[in-house]
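# Descriptive analysis of the structure
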Amino acid sequence: MSKVVIVSGSPSKTSRLTSVIQYAKEALTAKGMQIEWLSVSDLPAEDLIQARFDSPEIVRANALVESADAIIIASPVYKASYTGVLKTYLDLLPQKALADKLILPIFIGGSIAHLLSIDYSLKPVLSALAARYILGGVYIVDYEVTRNEQGSVDFVPEVQKRLDASLQQFYEETAWYSQRGQCSTVTG
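Residues numbered from 1 in each chain as written. Predicted model: local features only at pLDDT ≥ 70, side-chain atom pairs only at ≥ 80, totals over all residues. Heavy atoms only, no water.

## Some words on the confidence of the model for the chain
This is how the line gets drawn: Each residue carries a pLDDT value, the predictor's own confidence for that position, ranging from 0 to 100. In this description, contact between two residues means that some pair of their heavy atoms is separated by no more than 4.5 Å.
Here the chain averages 92 in pLDDT, and 95% of its residues register 70 or above. Note that pLDDT drops below 50 for residues 184-188; the model gives that stretch twelve contacts with residues more than four away or on any other chain.

## Comments concerning unusual backbone geometry
As a reminder of what qualifies: Labels follow the DSSP assignment, with helices taken as runs of H or I lasting at least four residues and strands as runs of E lasting at least two, numbered in each case from the N terminus. Categorising residues by exposure relies on relative accessible area from a 1.4 Å probe, with only protein chains included: less than 20% of the type maximum marks a residue as buried, more than 50% marks it as exposed, and the intermediate range marks it as partly exposed.
Even without being a glycine, K79 presents a positive backbone phi close to 50°. With respect to the helices, strands and loops of the structure, K79 is situated in the loop between β3 (70-76) and α4 (84-90). Using a relative accessible area of 84% as the deciding quantity, one classes K79 as exposed. Of note, the phi angle at A130 is positive, near 75°, even though the residue is not glycine.

## A short note on the environment of E149
With respect to the helices and strands, the residue E149 is situated in the loop between β7 (145-147) and β8 (153-155). A relative accessible area of 81% means that E149 is categorised as exposed. Sequence-wise, E149 and Q168 are 19 residues apart; in three dimensions their C-alpha atoms are separated by 28 Å.

## Some details on a nonpolar patch on the surface
Worth spelling out the cut-off: A patch is a set of surface residues, each over 30% in relative accessible area and not in a salt bridge, joined within 9 Å for like charges and within 5 Å for the nonpolar side chains Val, Leu, Ile, Met, Phe, Trp and Tyr. Only the protein chains shown count as cover for residues, and the accessible areas themselves come from Shrake-Rupley with a 1.4 Å probe. Salt bridges, as used here, are contacts in which a Lys or Arg side-chain nitrogen is within 4 Å of a carboxyl oxygen on Asp or Glu.
On the surface, I112, L115, L116 and Y120 cluster together to form a nonpolar patch covering roughly 450 Å² of accessible area. Along the polypeptide, I112 turns up in the loop between β4 (102-109) and α5 (117-128). A relative accessible area of 56% places I112 in the exposed class.

Structure, rendered in structure tokens:
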């Protein structure tokens, strides 16, 4: 069974992004993947801001990431980039923490104008952490996700299609990788 860690850069537990992450978690769990969810905003703020690499909480979070076969990195977009809390955590990962891991970015933002934020703000940092297998990712505009009366979320059909296709590719690539010990494609 493949182990996936979802790293959430959202500062909110009730955001649209949290609903998207929950959807991804349920979809991948249904396929037999073991999912761990790391909400960066749950890490001690002082440890993040003061770059306490030896903090027990940071060490545990880093061990979780390093033990994963694949990682989903999810963030809202603020000021044309991912959140500052996510950046402070990424800065605390060991230099090669993402080597040989498949990465799926999922971003949500207020406007289509920030569509390329995954490519221009996140992927260079992931590459600096030795990530070589980065899928194209999913960018969602806020209004494309709505909460329904049952408390779950509805996606605009095009978003649902893109998200499902990306999760399926992530599942297939992770399964291939787990069986062979290496990623099959470089798509980033």
